[in-house]
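Letter by letter, the chains look like this.
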Amino acid sequence: MTFQQKYIELLNILKEEIAQVLDELTNGVNIQEPLNTKLYKLLNAPAKHIRPLVSFLYLKAIGCNVDEKQVLFQAAIELVHNASLIHDDVIDESMTRRGEKSLNSEFGNKLAVITGDYLLSCALNKVLKIGSIELIQMMADTLEVMSKGEVRQQFSKFKIPSIEEYIEKSRQKTAKLFETALCGSLNIAGSNFNGLNFARNFGLVFQIRDDLINCKTTQTDINDGIYTAPVILAGSIDDLENGIEKTQTLLNNYIDKALNELKDIEENKYKTALKELLGLLKNG
């Protein structure tokens, strides 16, 4: 079974809940044409939706239900993620996104930046409907941290950072949104479970794996002067095989950390799915 087939199998465990998030994703999105049609196409394009998947699996694993507020919040998380992708495409001068022309390549950088900002406003409006000051503060903090992570990356171009600096940047740019997705959902559910460390480690696994794949394939990060774990652990761009091997070990360590954070949850199919998802990220 391929990675994609196995992932879809895991996604189908919460098919109904994820479908509700996707329905909510474009609800209230209304901007001038022809931009609106392009935005709908972007938001409805095939994607992993991994943040709501992980959050809902965790909620179900600890016995919590997925309700309308949970759906609203995860739709907001997905809008923030999509806004960050639009902004990333501008920064990276990417021409495509999810098999389609990127928004910046079709409408220009200025309009793409504004559109990303617009999606952020849509996300905040959804969080506002939930009626929780804590969640609004959580989202504001997340946007601040993600922005700082991007700034950190831009100032680090063509420099090999320490592994500690790399992990912190990855926490800011990627893991933070996983943290907010899960911790916000736990807040809505009124749960006493603290999922912060699980979400953080899962987010780091996701980023390290992505960087590992990039290094093994296109190496666009290296070409852009973004030196990730394989380069850092190799010490240069000339010994990538050694760096790739060490990065796999780093990835495995964070997978183990994430798995360890699940030990206090009783065994059930949702916990099993989370463990299978981590195994998929390790081997896929």
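You'll find the structure just up there.
Presented here is an overview of the structure given in this document. (Residues numbered from 1 in each chain as written. Predicted model: local features only at pLDDT ≥ 70, side-chain atom pairs only at ≥ 80, totals over all residues. Heavy atoms only, no water.)

1. Some words on the pattern of salt bridges
We apply this condition: Within this document, salt bridges are pairs made up of a side-chain nitrogen of Lys or Arg and a carboxyl oxygen of Asp or Glu, the two lying within 4 Å of each other. Numbering of helices and strands starts at the N terminus; helices are DSSP runs of H or I of at least 4 residues and strands are runs of E of at least 2. Here's how the labels work: a residue is buried when its accessible area is under 20% of the maximum for its type, exposed when over 50%, partly exposed in between, all with a 1.4 Å probe on protein chains only.
This model, assessed by the stated rule, comprises 13 salt bridges. Where glutamate 17 meets lysine 60, a salt bridge forms, and the shortest distance between an N and an O atom there is 3.2 Å. In this pair, glutamate 17 sits in helix 2 (residues 15–25) while lysine 60 sits in helix 4 (residues 50–61), placing the two residues 43 residues apart along the sequence. According to the relative accessible area criterion, glutamate 17 is buried, its value standing at 14%. A salt bridge links glutamate 168 to arginine 171, with the nearest nitrogen and oxygen atoms 3.1 Å apart. Of the two residues, glutamate 168 and arginine 171 both sit in helix 9 (residues 163–189), three residues apart, roughly one turn of that helix. Arginine 171 sits in the buried class, given a relative accessible area of 19%. Residues joined by salt bridges that share partners form a network here, namely Lys6, Glu9 and Glu276.

2. Some thoughts on the side chain of serine 185
Note the cut-off: We call two residues contacting when some pair of their heavy atoms lies within 4.5 Å.
Positionally, serine 185 belongs in helix 9. Assessed through its relative accessible area of 0%, serine 185 is described here as buried. Leaving out residues up to four positions away in the same chain, serine 185 has contacts with Ser55, Leu59, Gln70, Phe73, Gln74 and Thr180.

3. Looking at helix 2
Side chains that are three or four residues apart share a direction in an α-helix, a result of its 3.6 residues per turn. Worth spelling out the cut-off: Along the arc lie the directions from the helix axis toward the C-beta atoms.
Among the residues making up helix 2, those that are buried are Glu17, Ile18, Val21, Glu24 and Leu25. For helix 2, the arc enclosing every buried residue in end-on projection is 120 degrees, short of the 170-degree limit, so these residues lie on one face. Turned more than 90 degrees away from the buried face of helix 2 sit Lys15, Glu16 and Asp23, all of them exposed. The secondary structure elements touched by the buried residues of helix 2 are helix 1 (3–11), helix 3 (35–44), helix 4, helix 5 (68–92) and helix 7 (109–130).

4. Examining the packing of helix 4 against helix 5
The angle between the axes and the distance between the axes are what describe a pair of packed helices. Definition in use: The angle between two axes is taken between their N-to-C directions and runs from 0 to 180 degrees, where each axis is a line fitted to C-alpha atoms and a helix contributes only its stretch in contact. Each angle gets one of four labels, with under 35 degrees taken as roughly parallel, over 145 as roughly antiparallel, 65 to 115 as roughly perpendicular, and the rest as oblique. Definitions for this section: a left-handed crossing has its near helix turned counterclockwise from the far helix by less than a right angle. A right-handed crossing has that turn clockwise. Note on residue classes: Ala, Val, Leu, Ile, Met, Phe, Trp, Tyr, Cys and Pro are nonpolar, Asp, Glu, Lys and Arg are charged, and everything else, Gly too, is polar.
At a minimum axis distance of 9 Å, the contact between helix 4 and helix 5 shows a crossing angle of 150 degrees. In this view, helix 4 runs roughly antiparallel relative to helix 5, as classed from their interaxial angle. Here helix 4 runs over helix 5; the crossing is right-handed. Residues Arg51, Pro52, Ser55, Phe56 and Leu59 of helix 4 form the contact with helix 5, whose participating residues are Gln70, Val71, Gln74, Ile77, Glu78 and His81. A breakdown of the residues in the contact of helix 4 with helix 5 according to their chemical character gives five nonpolar, four polar and two charged.

5. Overview of the nonpolar core
How we decide: To qualify as a nonpolar core, a set must consist of buried Ala, Val, Leu, Ile, Met, Phe, Trp, Tyr and Cys residues joined through side-chain atoms within 4.5 Å.
Leu53, Tyr58, Phe198 and Phe202 are the most contacted members of the largest nonpolar core, which totals 55 residues. With nine residues, helix 10 (residues 196–216) is the largest single contributor of residues to this core. Leave out the neighbours within four places in its chain, and phenylalanine 198 touches Val54, Tyr58, Leu182, Ala258, Glu261, Leu262, Leu274 and Leu278.

6. What about a negative patch on the surface?
Our working rule: Without a salt bridge and with relative accessible area above 30%, a residue can belong to a patch; like charges are then joined within 9 Å and nonpolar side chains (Val, Leu, Ile, Met, Phe, Trp, Tyr) within 5 Å. Reported accessibility uses the Shrake-Rupley method at a 1.4 Å probe radius. Residues are deemed covered only where the shown protein chains occlude them. Positive charges come from Lys and Arg alone, negative charges from Asp and Glu alone, with His and the N- and C-terminal ends not counted. For the purpose of locating charges, the reference atoms are NZ of Lys, CZ of Arg, CG of Asp and CD of Glu.
On the surface, Asp238, Asp239, Glu241 and Glu245 cluster together to form a negatively charged patch. By relative accessible area, which is 70% here, aspartate 238 ends up exposed.

No statement about biological role is implied by the geometric values presented.
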